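An overview of the molecular structure
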Amino acid sequence: MKLWQKNTASLKEVETFTVGHDREMDLYLAAFDVLGSLAHTRMLESIGLLTAEETIALHVELKKIYARIQEGKFSLQDNVEDIHSQVELLLTETLGDTGKKIHSARSRNDQVLVDMKLFLRNELELTVKAIEPFFQLLQQQSEKYKAQLLPGYTHLQLAMPSSFGLWFGAYAESLVDDVITLKAAYDVVNKNPLGSAAGYGSSFPINRTLTTQLLGFADLNYNVVYAQMGRGKAERVVAQSLANVADTLARLSMDACLYLNQNFSFISFPPELTTGSSIMPHKKNPDVFELIRSHCNRIKALPNEIMLMTTNLPSGYHRDLQLLKEHLFPAFRNLRDCLEMAGLMLSNIDVKDNILTDEKYKYLFSVEEVNKRVLAGMPFRDAYKEVGLDIEAGKFTYDLQLNHTHEGSIGQLCTAEIRKQMDNAVAAFPFAHVQAAIDKLLS
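As a starting point, this report considers the structure included with it. Owing to the predicted nature of the structure, the values given are computational and were not obtained by experimental measurement. (Residues numbered from 1 in each chain as written. Predicted model: local features only at pLDDT ≥ 70, side-chain atom pairs only at ≥ 80, totals over all residues. Heavy atoms only, no water.)

The next subject is the overall build of the chain. Each helix and strand in the chain was counted, giving 15 helices and six strands. In summary, the chain has a C-alpha radius of gyration of 28 Å against a globular reference of 22 Å for 443 residues, an excess of more than 25%. Classification of the 443 residues of the chain by burial places 48% in the buried group. Sequence-distant contacts in the chain: of pairs separated by 6 or more residues, those separated by 24 or more amount to 78%. With an accessible surface of roughly 21700 Å², the chain has 53% of that area assigned to carbon and sulfur atoms. (Helix = DSSP H or I, 4+ residues; strand = E, 2+ residues; numbered from the N terminus. Rg over C-alpha atoms; globule rule 2.2 N^0.38 Å. Buried < 20%, exposed > 50% of the residue type's maximum accessible area, 1.4 Å probe, protein only. Contact = heavy atoms within 4.5 Å. Areas by Shrake-Rupley, 256 points an atom, 1.4 Å probe, with all protein chains shown as cover.)

What follows is the structure, given as structure tokens:
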């Protein structure tokens, strides 16, 4: 029987439609459902709803289930509705009536909420840890290629000289801000909703502070109505933080596709990292970057998708929220795959030397010539006009030597300072505290 079922079963068509893909999505939550039950049962013992013997027996079986999940040997039986039902069924089969006691003082609503928050918290940690090596690679390439100049563009028109040091370094620093937004999302999900039950609390004298500590949460979602309102909001906030990382990768991928194009010809890759054409033997296509771009653009659509799926919902739980899982959950793996593939490509990039010696790039140096006149004492507007007239008259001359010295420029990339920003952003996450709490819970 379903957790909510009494004597009347739903029509088969209704059951099939309402369950949808939720069973397969619940497998993402399996390990976290067990962690939530470990904390909840310890709390139930503390208020006298479980004996010490019952708690020990439940914890032994819950840890066995957790181990099976970690080994990839766990699945939902065909007649079981969701992960919560499966865990309770396994406990009941082994422990009898003791297994039926674990649902006291909670609802499927706060049970899935705590599962969700634990899952999102863990996925955000994995995402940050996937960003770190990619960030380091960008910084390494920035330093390696800092002397190689390339055109800078505005409006996709030639603008001013840039460098591969600046190009790689720009995306490294972009990831710093992306990680800061991941931390904001982490702070939102790192609050405990357990004990809010169906959204209106419980008449049991539960200890919500205890489960908060046991699960390593930073704090509570105190108001039980808001705890339920956080469903949908947490997913949207997390999706936005993923979208920021995705936007960085999508823009980098677009640059790479342009720079590989023969009309630019700034970079190249080994043949095994590109693809060919069925009829054009010369083709070396940037399929990896094109697919990263598309995957990431889809992730960028997620916040709006979740926003629209939760539009005009009143307070309290609504079944609409179930569908958010199948949109959000796979996005984490997709984003990490994109980070890994972008890292593979950029680890094997070949940067062309002496790009700016081609005369077609000469007007990139117009600002340099204006600035030289200003440094010699000419007012800026007069210098600007003089260089402009030289260009129109075909008399413009320029020098390839650059002297950019300020912070963040071609001559001073500030790689160490950007590294410090990333170190500080990552250090703000309480990963060690959370892991210690989970390890203690499982010990």
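Moving on, there is more to tell.
Moving on, we come to the packing of aromatic side chains. In this structure the tally under the stated criterion is 24 aromatic pairs. Where Tyr-145 meets Phe-168, the ring centres are 6.1 Å apart and the plane angle is 25 degrees; that geometry is what we call stacked. Linking Tyr-145 in the loop between α6 (108-144) and β1 (149-154) with Phe-168 in helix α7 (residues 164-189), this pair joins segments that are 23 residues apart in sequence. The residues Tyr-145 and Phe-168 share a single accessibility class, namely buried. When the ring of Phe-396 is compared with that of Tyr-398, the centres are 5.9 Å apart and the planes differ by 10 degrees; the resulting orientation is stacked. A connected cluster of aromatic rings, assembled from ring pairs, spans Tyr-145, Tyr-153, Phe-164, Trp-167, Phe-168, Tyr-171, Tyr-259, Phe-264, Phe-266 and Tyr-361. (Phe/Tyr/Trp six-rings, centres within 6.5 Å; stacked < 30°, edge-to-face > 60°.)

When a strand is regular, its side chains alternate between the sheet's two faces. Two elements, β1 and strand β2 (residues 157-163), share five bridges in a ladder whose sense is antiparallel. In the sheet register, Pro-151 faces β2, and the bridge partner there is Pro-161. Between β1 and β2, which follow one another and run antiparallel, lie two residues, and His-155 among them has a positive phi close to 60 degrees. (Pairing = 2+ DSSP bridges.)

Phe-134, Phe-164 and Ile-267 are the most contacted members of the largest nonpolar core, which totals 111 residues. In this structure, Phe-134 is in contact with Leu-175, Leu-249, Leu-252, Leu-339, Ala-342, Gly-343 and Leu-346, ignoring residues within four places of it in sequence. (Core = buried A, V, L, I, M, F, W, Y, C linked by side-chain atoms within 4.5 Å.)

A word on the layout of surface pockets. Empty space within the largest pocket amounts to approximately 460 Å³. Lining of the largest pocket is provided by 22 residues; of these, Ser-162, Leu-166, Trp-167, Ala-170 and Asp-255 occupy positions nearest its centre. Counting residues per element, the ones that place at least two in the lining of the largest pocket are β1, β2, α7 and α9 (224-260). The greatest single-element share of the lining of the largest pocket, amounting to eight residues, is contributed by α7. For the lining of the largest pocket, the residue count by class is twelve nonpolar, seven polar and three charged. (1 Å grid on protein atoms, 1.4 Å probe; cavity = no way out; pocket = protein on both sides within 12 Å on 5 of 7 lines; lining within 4 Å. Points joined across faces, edges and corners; volume = space filled by probe spheres on them. Nonpolar A, V, L, I, M, F, W, Y, C, P; charged D, E, K, R; others polar.)

A few words on the packing of α6 against helix α14 (residues 415-427). Contact geometry for α6 and α14: axes closest at 11 Å, N-to-C directions at 175 degrees. In terms of orientation, α6 and α14 fall into the roughly antiparallel class. Along its contact with α6, which presents Val-128, Ile-131, Glu-132, Phe-135, Gln-136, Gln-139 and Glu-143, the element α14 presents Thr-415, Ile-418, Arg-419, Met-422 and Val-426. Partitioning the contact of α6 with α14 into residue classes produces six nonpolar, three polar and three charged. (Axes fitted to C-alpha atoms, helices over the stretch in contact; angles between N-to-C directions. Parallel < 35°, antiparallel > 145°, perpendicular 65-115°, else oblique.)

Now for the pattern of salt bridges. In total, this model carries 20 salt bridges according to the counting rule given. Residue Asp-247 is joined to Lys-300 by a salt bridge in which the shortest nitrogen-to-oxygen separation is 2.9 Å. On the criterion of sequence distance, the pair formed by Asp-247 in helix α9 and Lys-300 in helix α10 (residues 287-309) is long-range, its members being 53 residues apart. Judged by relative accessible area, Asp-247 falls into the partly exposed class, the value being 32%. (Salt bridge = Lys/Arg side-chain N within 4 Å of Asp/Glu carboxyl O.)

Take the environment of Phe-119 next. Looking at the secondary structure, you find Phe-119 in helix α6. Spatially, the C-alpha atom of Phe-119 lies 20 Å from that of Val-224, the residues being 105 residues apart in sequence. Here Phe-119 is in contact with Tyr-28, Leu-29, Phe-32, Phe-329 and Phe-332, once residues within four sequence places are set aside.

Right, let's get into helix α4 (residues 83-95). Taking 1.5 Å of rise per residue, the 13 residues of α4 would be expected to cover 18 Å, and the 18 Å separating its terminal C-alpha atoms lies within 8% of that figure. When we look at burial in α4, the residues that qualify are Ile-83, His-84, Ser-85, Gln-86, Val-87, Glu-88, Leu-90 and Leu-91. N-capping of α4 is provided by Asp-82, with a side-chain oxygen placed 3.3 Å from the backbone N of His-84. One or two positions beyond α4, positive phi appears at Gly-96, with a value near 65 degrees. (Expected span 1.5 Å × (residues − 1). Polar contact = N/O pair within 3.5 Å; in protein donor to acceptor, adjacent residues only side chain to side chain.)

There is a patch of nonpolar side chains on the surface, built from Val-374, Phe-380 and Tyr-384 and spanning about 280 Å² of accessible area. Within the element layout of this structure, Val-374 appears in helix α12 (residues 366-375). (Patch = residues over 30% accessible without salt bridge, like charges linked within 9 Å, V, L, I, M, F, W, Y side chains within 5 Å.)

As a further point, take the packing of helix α3 (residues 52-70) against α4. Relative to each other, α3 and α4 sit at 130 degrees, their axes nearing to 10 Å. On the basis of their axis angle, the class for α3 and α4 is oblique. Judged by the sense of rotation from one axis to the other, the crossing of α3 with α4 is right-handed. Residue-level inspection shows Ala-57, Leu-58, Glu-61, Leu-62, Ile-65 and Arg-68 of α3 in contact with α4, the latter providing Val-87, Leu-90, Leu-91, Thr-94 and Leu-95. Here the residues of the contact of α3 with α4 sort into eight nonpolar, one polar and two charged. (Left-handed = near helix turned anticlockwise from the far one by under 90°.)

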